Structures are given as C-alpha cells and as structure tokens.
Amino acid sequence: MKLKNAALCLIVLGLISFPLLAQKKNTKKPNIVIIYLDDLGYGDLSSYGATELKTPNIDVLANGGIKFTNGYATSATCTPSRYGLLTGVYPWRNDDAKILPGSAPLIISEKQETLPKMLKRAGYQTAVIGKWHLGLGVGETDWNKQIKPGANEVGFDESYILAATQDRVPTVYIDNGRVDNLDPKDPIFVSYKKNFEGQPTGLDNPELTTMKWSHGHNQSIVNGIPRIGYMKGGEAAKWKDTDMADHFLIKAQNYVKEHKNKPFFLYYALQQPHVPRTPHPRFEGKSGMGPRGDAILEADWCIGEFMKTLKKEGILENTLIVFSSDNGPVLDDGYHDDAVEKLGKHTPAGKLRGGKYSLFEAGTRVPFMVYWKGTIKPKVSDALVCQMDLLASFASMFGVKTDLGDSQNTINTFLGKDNKGRQNLVIEANSKTAFRTGDWIMIPPHNGKAMNEQTHTELGIDTEFQLYNLKKDISQKKNQAPSNPKLVQTLFEQYKKIVVDKYTPIK
Ligand code: NG6
Ligand code: CA
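Now for a look at the structure at hand. (Residues numbered from 1 in each chain as written. Chains lettered and ligands numbered in written order. Predicted model: local features only at pLDDT ≥ 70, side-chain atom pairs only at ≥ 80, totals over all residues. Heavy atoms only, no water.)

1. Overview of the state of the cysteines
A complete count under the given rule lists zero disulfides for this structure. Here Cys 302 is not cross-linked by a disulfide; its sulfur's nearest cysteine counterpart is in Cys 78, at 18 Å. A relative accessible area of 0% places Cys 302 in the buried class. Between Cys 386, a cysteine without a disulfide, and Cys 78, which holds the nearest cysteine sulfur, the sulfur-to-sulfur distance is 15 Å. When its relative accessible area of 0% is taken as the criterion, Cys 386 is described as buried. (Disulfide = S-S within 2.5 Å. Buried < 20%, exposed > 50% of the residue type's maximum accessible area, 1.4 Å probe, protein only.)

This is the structure:
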C-alpha cells in the first residue's frame, strides 16, 4: 500500500514537473550553427542515397534530425544563394547578386535586415567562418588596409573569411576586415582586369602549374594552381590550399570554445567540394573518386570534429544545427581533377536532373537538415523548405520583429512540428527563374543555351513552357506543359505575381 502511494506520488510529481521542465528547455536559447557546403549535391551524402561515398558524420545530422527531401537554396550558384540565406530576400531582386569576382563591392546594404542582425537583436553573438562571396568594400579595395564594409558591417560580430571562392584571388584569409598575416613590406595587389608586370599566369606558364585548368582559371598562379583574377605580393598571407579545411575547422572550434557561455550564431561556410579541390594529403585517394570525393570525405570529417567540440564543451544538446549547400553539384568546373574520370557509379545529383547552374532540380534542391539533439525528433520531411526562410523562422522562434522580405516563417516545419513548409518558391539560375508549387514546377520560356558546354550541365532552359510533376517524375523526364495548358497558365499567373509585378528590392 505504502509503495503504491509512493508510486502515485512520484507520478503526480512527474506530471507537475514535466511541463515545467519542458518549458525551461524551450525558453533557453539554443546556439545556432549553419553548416554550409559549397557545391555539394543532393546525391553526395550516404544519408541522401549515395552508395559510393560514406559520410557518417553528416549522416548523424540527417538521420538524427529533420531530413528534408524538398529543401532548396534560392539559387543554383553561390553568391545569390548566400544572399538569399543571409537577407531573406530573393536574390533575383538584386541585380548585383550574381557570381562575383573577388574584387566586387559588398552587395548587401548596411541598412538591410540580415539573419545575423536579427539574431543579435535576439541576444546572440554572431560569427562567420569560411567562404563569404558577397563582396567586400565599396569598390577599388585596398587590400592592405581595413576592408569595409564587409561581414562585420552586416551583422557579424566576428568574421574570418575567404573573400570570394577558392579559385579566385585574393588567395588570403580576411580576419575581421584585415588580410591575415600580411607583411606590410610586401603589400598585396589585386586586379580582375589585367596582369601585373612580370607575374606568371596559367595561360602563359603552364609549366608552373601542378593543377591543370580546363576552362577559365588561367590567370595568376598560387601554390601551383592557376586562378581567376590577378594578384601580386602578399606572399606571407597566402593560404595553403591543402590546409584550408583544417584552418577553418580550428577557427570554428575555437569560436565555440570562446563563446559557449552565451548563445551564439555561427555561420560555418566550408569551401568543399568547390574547385580547386585540394583535400589535405591525409584524405588523398580515400574516396577512390579523385579530389572531389576526397574533399567531401574531408568535409564530413571536419563536421564530425566540430560536433565532437560541441559535445566536449557540453553544449551539443543546446545547439541547433542547420546543414545545407549553396547549390548543386558540378564535376568539371574548370580544372582537370579526375572528377569526371573517376566518378564511377556515383551520382552527385542523385535522381535529380541538371546540376550547378541549372534551373532543373539539381541546381537548387540540396541536402538540407535541421538537427537539435534531444529536442528535435528525427524524421524525414517532404515539406517544401528554403534557406531564405531561416530568417523569418528564427525571428518568430525568438519573438523578434523583422523586416520579412521574401522570408516566410516555417519554424514549425524546421523543428519537425508540422509538415507545411512554404506553399511555393521561385528558384533561380543565372538570373532566370522558375516556379515551384506543391508537386509541380513550371519553368517559363527563357532565351538562352540549354546546355553549359563547359560543365556539361543541362540548364533547364527552353523557349517553350516546361511543367513537371516532381512527385511522379523527380528526374523531370516528361514535360507535361503541352497537355496541361490550363495549369501552366494558372502557375504562370501566380509566378508573375511574385516575379514580374513590381516589388521594390531592399537596397
Ligand atoms: C564560374 C567558374 C567556376 C566557379 C563559379 C562560381 C569559370 C570558367 N568558372 O565562373 O569555376 O568558380 O564561377 O561558383 O571561371 S560558385 O559556387 O561560387 O557560384
Ligand atoms: Ca557554390
């Protein structure tokens, strides 16, 4: 009898204390980490169906969190996707949101709302570590001085970045607006117009290159790799390509260790598997697929190490992690690096058609997961979600007012509480757009090439309407537009309301 009473007591106590505990957990602000890869395809992870590559660490996030099968970047290339992610505004609303040279000015206005600014208002410390590619300064940048405005002026308390891409000059790290390790006696000069006298180039001095270019990438040579753009000086500041992954990882780990006592937002933007693919020698040959596969394994390792740090610092269960990629996969993106030759049975885009640069699905549909150990129950979600919506969603989660732009609050979908996602989405590739709603995607007529001959990518461009049912035909094999003119018209009207009818971009 006594025992029974005690048990009853415990149950009652449990019932009372459980909601309190649950409440406590929900009110505590989790750290937020966005892990963002560069050119990782929908089919590049074992958790997304890859059989030829094993990505056990990223799979922990996919299988232990919400794994989205209809998760999108806003665009099929880097700059616009990152613009969408950070500003919550469709990148095609900003004419400057196109693949930028390393010397381009910052394309986010200092007055504009951004994800880190909003999170700062919610009480977060903010940082970006890794690839930036949203421009720096106001033009005619002097790389020997403080470079402003940049990441720090649009919401990041701290930034440790590469300016554009690994294949573009300047090939240096920028630490809170200053070129890291720059020797003032050896100033650095950058030009995208003409070479500096006496400097070798990939075009004229192929004997000095250890990696061979296939298209573009024949200007200044750094570490034996011919790049896009010209650069002179700054010897001590030049990065070592094979150390880049370790370098960013250590920066990210240190950031966590130093900021763990208050909520932080870390945008950890890895450079892999974008070209030039330069995995550290300890990953060389590990995938059997050449440097592209090795770079993916290296990125997977980095993420595993980063997770270990979160765990060791005791904050893994209080950290919400979003994982995604800025655009879909490409094999030959300008260097002969065996990506084509050693691909074997691997399908970087999975069953999707197209790839990086494409309006077909593989351009923008990317691995996308939200992981929060102990809080989010693992599931696979086929809701339509987009990176651009993280801004409005986190704003709603923390009760912070925000300038919405195109960002929609889908927080319950991100946390796995519902399966609604967004109703529709405009995707973009090379300033051309298409409209997804429900299971349908409508690609309006566009002028332009159907094929990118250099990368061998189908671009999804046609002068006729295209309509695909993605549920029944994920590989976009059958154009249903000719047999569904009414539906095409309806979708085109909805699309026009968003795309063509005037909207003042936030600049
Ligand atoms: C292209 C480059 C490509 C890559 C891309 C940007 C050539 C021929 N091709 O112009 O190699 O750098 O720009 O990729 O130069 S992204 O992922 O940053 O958008
Ligand atoms: Ca990219």
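2. Notes on the site of ligand 1
Near ligand 1, the surroundings consist of 20 residues, among which Cys 78, Asp 167, Arg 168, Asp 333 and Lys 356 are the closest. A distance of 2.7 Å separates an oxygen atom of ligand 1 from a polar side-chain atom of Asp 167. Side-chain polar atom of Arg 168 to an oxygen atom of ligand 1: 2.8 Å apart, as the coordinates give it. In the complex, 87% of the free accessible area of ligand 1, which totals 450 Å², lies under the protein chains. Its residues assigned to classes, the shell around ligand 1 shows five nonpolar, eight polar and seven charged. Composition of the shell around ligand 1 by domain shows at least three residues from each of domain 1 (34–178 + 241–417) and domain 2 (189–232). (Near = heavy atom within 4 Å. Polar contact = N/O pair within 3.5 Å; in protein donor to acceptor, adjacent residues only side chain to side chain. Areas by Shrake-Rupley, 256 points an atom, 1.4 Å probe, with all protein chains shown as cover. Nonpolar A, V, L, I, M, F, W, Y, C, P; charged D, E, K, R; others polar. Domains from an automatic or database assignment.)

3. Details of the coordination of the calcium ion (ligand 2)
Surrounding the calcium ion (ligand 2) are the protein donor atoms Asp 38 (OD), Asp 39 (OD), Asp 326 (OD), Asp 326 (OD) and Asn 327 (OD1), at 2.2 to 2.7 Å. If you list the donors of the calcium ion (ligand 2) from N- to C-terminus, the spacing comes out as D-D-x286-D-N. Residue Asp 39 is found in the loop between strand S1 (31–37) and helix H2 (56–64), and its partner Asn 327 is found in the loop between strand S13 (319–325) and strand S14 (335–336); the two are separated by 288 residues along the sequence. Classification of Asp 39 by relative accessible area gives buried; the value is 1%. (Donors = N, O, S within 2.8 Å, 3.2 Å for Na, K, Ca; no water. Helix = DSSP H or I, 4+ residues; strand = E, 2+ residues; numbered from the N terminus.)

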